[in-house]
Amino acid sequence: MKRILVTGGAGFIGSHLCDRLIKDGHDVICLDNYFTGSKRNIEHLLPHPYFELVRHDVIQPYFAEVDQIYNLACPASPVHYQYNPIKTTKTSVMGAINMLGLAKRIKARILQASTSEVYGDPEIHPQTEEYWGNVNPIGIRSCYDEGKRCAETLFMDYHKQNQVDIKIMRIFNTYGPNMHPNDGRVVSNFIMQALKNQDITIYGDGSQSRSFQYVDDLVEGAIRMMNSPKDFIGPVNIGNPNEFTILELAQEVIRLTQSKSKIIFEKLPMDDPMQRQPDISLAKERLNNWTPNIQLEEGLIKTITYFDNFIRDIK
Ligand SMILES: NC(=O)c1ccc[n+]([C@@H]2O[C@H](COP(=O)([O-])OP(=O)(O)OC[C@H]3O[C@@H](n4cnc5c(N)ncnc54)[C@H](O)[C@@H]3O)[C@@H](O)[C@H]2O)c1
């Protein structure tokens, strides 16, 4: 049994990670300020004797004796991270400094939930970890992209300068139950619109492609990365390389929900990447042949069931 701190633990990915860590028999502290997360996501864990919930903002220092830290705290969807862009950068940068300081002091291993957004609007496909990215430093997405890039820099420098035991994981588009219903991300948007038989909005002509990873595959990758040999620090891409156009995704959601929704097209927002696809060779090689197992249809069905129940609950 390990003592594990999960920052952002009440969020979409964090709540699945807490579930899995508790299931694996660990002692888990879930830390969150509930900006985008919700107690609803982890309320079933509250009675568990080895689960502890802490309301805290990572831009303030925090102290606990733990063996491992998963640093997930940061709003991840554009509507949420653009709501207060200065706070988003503070969360990524000051959150990283506070958690790295803690890891250094208590000699814990720390994993950073970085993002494919560090590649910006990439000029190479698929993206390997060596690619440095093509990021606009002053655009509307910069608070998130540059905040996450700076967090990676901090992780590397704490490792080089203070020998902190770090891991960096670059997460690609992930979806699943517990996503925020109004976060404007494409999967949750399409499913909510389809379930309500509303028009499905595609930004641009729908030819831009994305690869979608189901959350259980990500959690498995994160745990393997955290427990990988000390000399493998990453960054490592964790994502599903199967590509779909946004139009194909919309059609699939309509089919699976048997919705009467129509597809409508709107202007593409600034800096929206045309294509994003992970090269996962490194993860396969270094994380015991890790590879995503859940394909789009199966993952979408589970996510649709979640949102369907969610809509019923709030009625
Ligand atoms: N979902 C994806 O597709 C994706 C892709 C790449 C990277 N990531 C990264 O994974 C992590 C989790 O993302 P998610 O999709 O679960 O998003 P999310 O918004 O559901 O979860 C983020 C959690 O962090 C909490 N939080 C935000 N600011 C905080 C602060 N200052 N102090 C404490 N808690 C704070 C939120 O309340 C929320 O519970 C993020 O770091 C995100 O950047 C996610």
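Residues numbered from 1 in each chain as written. Predicted model: local features only at pLDDT ≥ 70, side-chain atom pairs only at ≥ 80, totals over all residues. Heavy atoms only, no water.

Peer 1: Where do I start with the site of the ligand in this structure?
Peer 2: What surrounds the ligand is a group of 30 residues, the closest being Asp-32, Thr-36, Tyr-144, Lys-148 and Arg-185. In the model, an oxygen atom of the ligand is placed 2.9 Å from a nitrogen or oxygen of the Phe-12 main chain. Here an oxygen atom of the ligand and a backbone polar atom of Ile-13 are 2.8 Å apart. Taken by itself the ligand offers 810 Å² of open surface, and the protein chains cover 97% of this. At the level of secondary structure, the elements contributing two or more residues to the shell around the ligand comprise helix H1 (12-23), helix H3 (85-106), strand S5 (109-115) and helix H4 (142-162). The biggest single contributor to the shell around the ligand is S5, with three residues. Class assignment for the residues of the shell around the ligand results in 14 nonpolar, eleven polar and five charged. (Near = heavy atom within 4 Å. Polar contact = N/O pair within 3.5 Å; in protein donor to acceptor, adjacent residues only side chain to side chain. Areas by Shrake-Rupley, 256 points an atom, 1.4 Å probe, with all protein chains shown as cover. Helix = DSSP H or I, 4+ residues; strand = E, 2+ residues; numbered from the N terminus. Nonpolar A, V, L, I, M, F, W, Y, C, P; charged D, E, K, R; others polar.)

Peer 1: Explain the nonpolar core here, please?
Peer 2: Side chains of nonpolar character tend, in soluble globular proteins, to be buried together. In terms of nonpolar packing, the biggest core is built from 58 residues, with Tyr-70 and Leu-300 touching the most fellow members. Leaving out residues up to four positions away in the same chain, Leu-300 has contacts with Tyr-175, Val-187, Ile-191, Leu-249, Glu-252, Val-253 and Leu-256. (Core = buried A, V, L, I, M, F, W, Y, C linked by side-chain atoms within 4.5 Å. Buried < 20%, exposed > 50% of the residue type's maximum accessible area, 1.4 Å probe, protein only. Contact = heavy atoms within 4.5 Å.)

Peer 1: What is the right way to look at the side chain of Asp-279 in this model?
Peer 2: Relative to the helices and strands, Asp-279 resides in the loop between strand S13 (263-266) and helix H8 (281-286). One buried charged side chain, Asp-279, makes no salt bridge at all; its nearest oppositely charged neighbour is Lys-284, positioned 7.8 Å away. Here Ser-281 takes part through its side chain, which lies 2.5 Å from a polar atom of the side chain of Asp-279. (Lys, Arg positive; Asp, Glu negative; His and termini not counted. Salt bridge = Lys/Arg side-chain N within 4 Å of Asp/Glu carboxyl O.)

Peer 1: I tried to follow the pairing of S5 on my own but got confused; where do I start?
Peer 2: Burial of S5 is extensive: seven of the seven residues sit out of reach of the surface. Residues Arg-109, Leu-111, Ala-113 and Thr-115 line one face of S5 and the alternating positions Ile-110, Gln-112 and Ser-114 line the opposite face, and both faces are buried. Pairing of strand S4 (residues 68-71) with S5 involves four bridges; the strand directions are parallel. By the bridge assignment, Ile-69 is partnered in S5 with Ile-110. In this sheet, strand S6 (residues 166-171) lies alongside S5 in parallel orientation, the contact comprising six bridges. Pairing of Ala-113 across the sheet is with Met-169, part of S6. (Pairing = 2+ DSSP bridges.)

Peer 1: For this particular structure, what's the right way to read unusual backbone geometry?
Peer 2: Negative phi characterises most residues that are not glycine, and trans characterises most peptide bonds. With an omega of -15 degrees, the peptide bond between His-125 and Pro-126 qualifies as cis. Examined against the element boundaries, Pro-126 turns out to sit in the loop between S5 and H4. Positive phi values are uncommon outside glycine, yet Gln-163 reaches one of about 55 degrees. Tracing the backbone shows Gln-163 in the loop between H4 and S6. The exposure class assigned to Gln-163 is exposed, which follows from its relative accessible area of 56%. A positive phi angle, close to 50 degrees, is found at Gln-258, a residue other than glycine.

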